[in-house]
2 protein chains.
Amino acid sequence: MKFELTSEFLIQFQSAIETQDIDYLKSVLNDLYSEDIIPIITELENVERKYVLQLLDNETVSRIFSNLEVNTRNEIFTLYSPTEIAVFFNELYSDDAADILNYLPIKLREEIIANIKDVELSVNINELLRYDSDCAGGMMAKELIKTNLNWNVKQTIDEVRKQAENVEKLYSIYVVDDNDVLKGRVSLKKIILSKDKTAISEIYEPDIISIETYMESWEVSEIMQKYDLETMPVVNVQGKLVGRITIDDALDVITEQAAEDIQAMAGVSAKVEEDDSVWKLVRSRLPWLIIGMGGGLLGAAFMGLFEQKLILIPAMAFFIPLITATGGNVGVQSSSLIVQSLAASDAFEESIFKRLWRVFIVAFVNAAVICTIVLLFVLLIGHPLKLGIVVSIALFFVVVLASIVGTITPLILDKFNINPALASGPFITTFNDLLGLAVYFLVAGMLFNL
Amino acid sequence: MKFELTSEFLIQFQSAIETQDIDYLKSVLNDLYSEDIIPIITELENVERKYVLQLLDNETVSRIFSNLEVNTRNEIFTLYSPTEIAVFFNELYSDDAADILNYLPIKLREEIIANIKDVELSVNINELLRYDSDCAGGMMAKELIKTNLNWNVKQTIDEVRKQAENVEKLYSIYVVDDNDVLKGRVSLKKIILSKDKTAISEIYEPDIISIETYMESWEVSEIMQKYDLETMPVVNVQGKLVGRITIDDALDVITEQAAEDIQAMAGVSAKVEEDDSVWKLVRSRLPWLIIGMGGGLLGAAFMGLFEQKLILIPAMAFFIPLITATGGNVGVQSSSLIVQSLAASDAFEESIFKRLWRVFIVAFVNAAVICTIVLLFVLLIGHPLKLGIVVSIALFFVVVLASIVGTITPLILDKFNINPALASGPFITTFNDLLGLAVYFLVAGMLFNL
């Protein structure tokens, strides 16, 4: 059942395009879901793409468009006129249509909208384009089925019949009053199991979770995940029902957020993928490497102050990587734990003092174990006791300080609405490298002068 | 609408428990969804928990149980007899019930099952407990609504009426043949819009995505996300319909996977949270710190071989943090990009050669920029040209090698079915630290001896 795109398949497919072997192409495409056709389209040349797309029905093409990667899609659009593109839009839900338009130049956008035959759809799209794409208004679709609180089951079924083509996956009908204010919902199951004359007001559930258009997409996703909701109605400030959000959109937000956090931790900026162009990859990685490099050079300059000490005790240099690596590891551990606890919405807000106290204790235990091992190793290798003590004491302070820095930084970033995951990336390791060096040489300076 | 648990609220709530202010407690609890009661229950003393739970109806309690953190739940269970616990189980779906039982000692598990009044439920639970919790069989619920291919709409509605109490969120009915083999599905919408006499065989959709019981949970989640499915039927090897999986379960798998990846990258093992006990935190962090420490000590031993060189040119030591930090940063960047591309299921499988070539080019460009800056800096600071050249050349090789190591390691881990995200953690930074030191001192050894 699961389709995997291989290079053998691709070669065969492309040669079928070249020889215009329509029978083969159609039989292959017929067996595939639109989601499986997407990677094929992505790999093809632009002219080949157009050839394949004209073999598919409009619904499949519009599904492919709404899930294609932005650049590929915009490339394909260059082969079509706005009128031709508008035809595919007739098959789209308003939210997917608005998403696609959001990534197009304004002129093309307006031309496409002007050519959409379905007047209701173009009105809906225009409304959705007014919202930021990362708020509930930008996530929602206008298509939904609603019934009036004063109607009965029969009237509702008639209404479903009228509206039904708009909504593919449907299991609940929103209930509104005469002013379109959201009052609750009634499940399709209840409709099926009730008599025609039953009043909606008797069977509807008034207790419904809704959100306002201006709420941020991560909040929306959080709420849907927390309360296990498959769809959620969106209301405006007057409480009027204006749209609905489905779980698949929330899921995309959650997946994207996780990817962003991982990229922040890894020091890769922007939405970049391994198979992007070299230039894009360099641009997303180099700035972070330069930050790290800056830290390294600063460290070099700092150590220059201690050149005399290094000449006297060259063995001091041996433990520099140990000190910096430990500081970095501890910092990343601490910050990632805080980042996760910030992300867990239902976590109980502990006082910062209580948090730091536990951080301190954990650091203390970890530091004690590591310092003991290191001290034994240094002596075992035959270095003087004094060096062992210097390294151990420095390491101890590094673990404790790096824990505290790793804990506080994401909290501060979060306060300023910056993604706290940045605190687990190159910033913290660079900072902790410098912190480690400073502690090490200061401790050495004090102890060796005794 | 959104409830936030504050310490003021908690104090007030706990004092209401102490004074047995049932009116206050009931009014507060009535306004809350079960998902909001969970953090309150978590923060209470065990005896207080029981007091609060007995104020709630069985359905709410069972919802709370199925979403509570395992330790808290098992703690609460110690206050109840198996018979009392079984009462709550009658309100649960089979999959949630099996999940809870999976975390209990076998004896208690058997006692609870023996006391469940609903015979069908206990049979279902016993079946589910046979499956691994991280495969489709372990994720699925037995509750579903199905109809026979040979029936008509009227018969189907009657069947829905019979089975309906089992399924809360329902928008599609599975269609099976006389042998219970899955044949397709029919949407509730179609049922509502069709005449009573219409044959199911005329209106059902035969094209349905299903999965086998043995498929792994991450595959299940991937498929549901890719094809935008809210529920998916599960079949056994004979194609018989045995259960269904809902998107909320897939969502949990995806969220957990992301959390695991981040912990692997941060060097925190096991499912640990910032507010866990000190001992648990130490246990999950110390092993990774010891790996890093081992690397640091190995590095120290290695540098011991170059003591004479360090005495002659102590400034060499200044650039050790620069070398190791750059290697670490580059390695983490490279591996995280590979990890993400491995996670993107629809990514086209490029040849390893093509991948490495692009990695090499990106590394080359990054290295060139960094080396130029570093060379200028070293000269500016007044170090000899030779040292600048050594540092730059070493840095160049470190960037290129760390990129390659960072790219290959997750691919190898993935081949052996180990979470590739581990490659972005302390392992890679430790390894690259050592790699960087080796390159640095070898280059220095060669050039300074000229």
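Not measured: the values here are computed from a predicted model.

Thresholds, definitions, all that
Residues numbered from 1 in each chain as written. Chains lettered and ligands numbered in written order. Predicted model: local features only at pLDDT ≥ 70, side-chain atom pairs only at ≥ 80, totals over all residues. Helix = DSSP H or I, 4+ residues; strand = E, 2+ residues; numbered from the N terminus. Rg over C-alpha atoms; globule rule 2.2 N^0.38 Å. Buried ≥ 20, exposed ≤ 12 C-beta atoms within 10 Å, placed from the backbone. Contact = placed C-beta atoms within 7 Å. Nonpolar A, V, L, I, M, F, W, Y, C, P; charged D, E, K, R; others polar. Pairing = 2+ DSSP bridges. Axes fitted to C-alpha atoms, helices over the stretch in contact; angles between N-to-C directions. pLDDT = per-residue confidence, 0-100. Left-handed = near helix turned anticlockwise from the far one by under 90°. Least-squares fit on C-alpha atoms with pLDDT ≥ 70 in both. Arc of directions from axis to C-beta. Core = buried A, V, L, I, M, F, W, Y, C linked by C-beta atoms within 7 Å.

**Student:** Residue-level account of the overall build of chain A, with values.
**Tutor:** A tally of regular secondary structure across chain A gives 23 helices and six strands. Taken over the C-alpha trace, chain A has a radius of gyration of 30 Å; the compact-globule value for 450 residues is 22 Å, which it surpasses by more than 25%. With the C-alpha coordinates of chain A rotated into their principal frame, the extents come out at 95 × 65 × 40 Å. Here chain A holds 450 residues, and 43% of them are scored as buried. Taking contacts inside chain A between residues at least 6 apart in sequence as the whole, the part at least 24 apart equals 71%.

**Student:** Could you give an account of the interface of chain A and chain B, with specific residues and numbers?
**Tutor:** Across the contact, 103 residues belong to chain A and 103 residues belong to chain B. With 17 residues, the single largest contributor to the side of chain A that touches chain B is helix H17 (residues 278-304) of chain A. Here the side of chain A that touches chain B is composed, by residue class, of 61 nonpolar, 22 polar and 20 charged.

**Student:** Tell me about the sheet that holds strand E4 (residues 211-212) of chain B, residues and numbers included.
**Tutor:** Strand pairs in the sheet, formed through backbone hydrogen bonds, run parallel or antiparallel to each other. Residues and elements named next belong to chain B. Reading across the sheet, the three strands line up as E4-E5-E6 and stay open at both edges, with mixed pairing between neighbours. The open sheet has two edge strands with one neighbour each: E4 and strand E6 (241-246). Strand contacts of helix H16 (residues 247-266): strand E5 (231-235) and E6, with the helix running at about 60° to E6, the strand carrying the most contacts.

**Student:** An account of the sheet that holds strand E3 (residues 182-187) of chain B is requested, with residue identities and associated values reported.
**Tutor:** Residue and element names in this part refer to chain B. Read from one edge to the other, the open sheet built from three strands follows the order E1-E2-E3, with strand pairing classed as mixed. The strands lining the two open edges of the sheet, one partner per strand, are strand E1 (146-148) and E3. Between one strand axis and the next, the sheet turns through 35° on average, direction left out of account. Summarising the sheet, E1 and strand E2 (residues 172-176) pair through three bridges and their orientation is parallel.

**Student:** Any details on the confidence of the model for chain A? Residues and values, ideally.
**Tutor:** Averaged over chain A, the pLDDT score is 88; the fraction of residues at 70 or greater is 96%. The complex model carries a pTM of 0.83, and its ipTM stands at 0.81.

**Student:** Please set out helix H3 (residues 34-43) of chain A residue by residue, giving values where relevant.
**Tutor:** Among all positions in H3(A), only Ile37(A), Ile38(A), Pro39(A), Ile40(A) and Ile41(A) are buried. Next to the buried residues of H3(A) lie helix H1 (7-18), helix H2 (22-30), helix H4 (46-53) and helix H5 (58-67) of chain A.

**Student:** Explain the packing of helix H3 (residues 34-43) of chain B against helix H5 (residues 58-67) of chain B to me, and be specific about the residues and the numbers.
**Tutor:** All names here are of chain B. Running from N to C, H3 and H5 point in directions that differ by 65°, and their axes come no closer than 9 Å. In this structure, H3 meets H5 at a crossing whose hand is right-handed. Across the interface between the two elements, Ser-34, Glu-35, Ile-37, Ile-38 and Ile-41 of H3 pack against Thr-60, Arg-63, Ile-64 and Asn-67 of H5. Grouping the amino acids of the contact of H3 with H5 by side-chain chemistry returns four nonpolar, three polar and two charged.

**Student:** Which residues make up the environment of Glu307(A), and what are the values?
**Tutor:** Inspection of the secondary structure puts Glu307(A) in helix H18 (residues 307-312). Residue contacts for Glu307(A): discarding those within four places in its chain leaves Pro314(B) and Ala315(B).

**Student:** Lay out the environment of Asp134(A) in plain terms, naming residues and giving numbers.
**Tutor:** Residue and element names in this part refer to chain A. Take Asp-134: it is sitting in the loop between helix H10 (119-129) and helix H11 (136-139). With 14 C-beta atoms counted inside 10 Å, the residue Asp-134 sits in the partly exposed group. Between the C-alpha atoms of Asp-134 and Asn-30, which are 104 residues apart in sequence, the distance is 35 Å. Contacts of Asp-134, omitting those with residues within four sequence positions, involve Glu-216 and Ser-217.

**Student:** Let's hear about the environment of Ser277(A): which residues, and what values?
**Tutor:** All names here are of chain A. With respect to the secondary-structure elements, Ser-277 resides in the loop between helix H16 (247-266) and H17. Of the residues examined, Ser-277 has 11 C-beta atoms within 10 Å and is grouped as exposed. C-alpha of Ser-277 to C-alpha of Ile-203: the two residues are 74 residues apart in sequence and 57 Å apart in space.

**Student:** Please give an account of unusual backbone geometry that cites residues and values.
**Tutor:** All names here are of chain A. Phi is positive for Asp-180, close to 70°, though the residue is something other than glycine. Tracing the sequence through the fold places Asp-180 in the loop between strand E2 (172-176) and strand E3 (182-187). A positive phi angle, close to 60°, is found at Asn-417, a residue other than glycine. With respect to the secondary-structure elements, Asn-417 resides in the loop between helix H22 (385-415) and helix H23 (426-448).

**Student:** Got a sec to walk through the relation of the copies chain A and chain B? Specific residues and values, please.
**Tutor:** Superposing chain A onto chain B requires a rotation of 180° together with a translation of 0.0 Å along the rotation axis, leaving an RMSD of 0.1 Å. Accordingly, the operation relating the two chain copies is best matched by a two-fold axis. The overlap is high: 100% of the interface residues of chain A also sit at the interface in chain B, so the same surface is used on both sides.

**Student:** Pulling in residues and values, what's your account of helix H12 (residues 153-163) of chain A?
**Tutor:** Buried residues of H12(A): Val153(A), Thr156(A), Ile157(A) and Val160(A), and no others. Axial view of H12(A): buried residues confined to an arc of 100°, hence all on one face. Residues Asp158(A), Arg161(A) and Lys162(A) are exposed on H12(A) and point more than 90 degrees away from its buried face. For H12(A), the elements touching its buried residues are strand E1 (146-148), E2, helix H13 (188-193) and helix H14 (200-203) of chain A together with helix H13 (188-193) of chain B.

**Student:** Give me the lowdown on the pairing of strand E6 (residues 241-246) of chain A, citing residues and values where you can.
**Tutor:** All names here are of chain A. The buried fraction of E6 is high, at six of six residues. Pairing analysis gives five bridges linking strand E5 (residues 231-235) to E6, with the strands arranged antiparallel. Across the sheet, residue Met-232 finds its bridge partner in E6, namely Ile-245. Taking the residues between adjacent antiparallel strands as the criterion, E5 and E6 are bridged by five residues, where Gly-239 takes a positive phi near 85°.

**Student:** Give me the lowdown on the pairing of E2(B), citing residues and values where you can.
**Tutor:** Residues and elements named next belong to chain B. Across the five residues that make up E2, a large majority, four, are buried. The pairing of E2 with E3 spans five bridges and is antiparallel. Each bridged residue has a counterpart across the sheet, and for Val-176 the counterpart in E3 is Leu-182. Linking E2 back to E3 in an antiparallel pair, the connection comprises five residues, with Asp-180 at a positive phi of about 70°.

**Student:** Please give an account of the nonpolar core that cites residues and values.
**Tutor:** Among the nonpolar cores identified, the biggest contains 190 residues, and Ala394(A), Leu395(A), Ala394(B) and Leu395(B) are the most heavily contacted of them. If we ignore the near neighbours within four places in the chain, the residues touching Leu395(A) are Ile323(A), Thr326(A), Ala367(A), Ile370(A), Cys371(A) and Val374(A).

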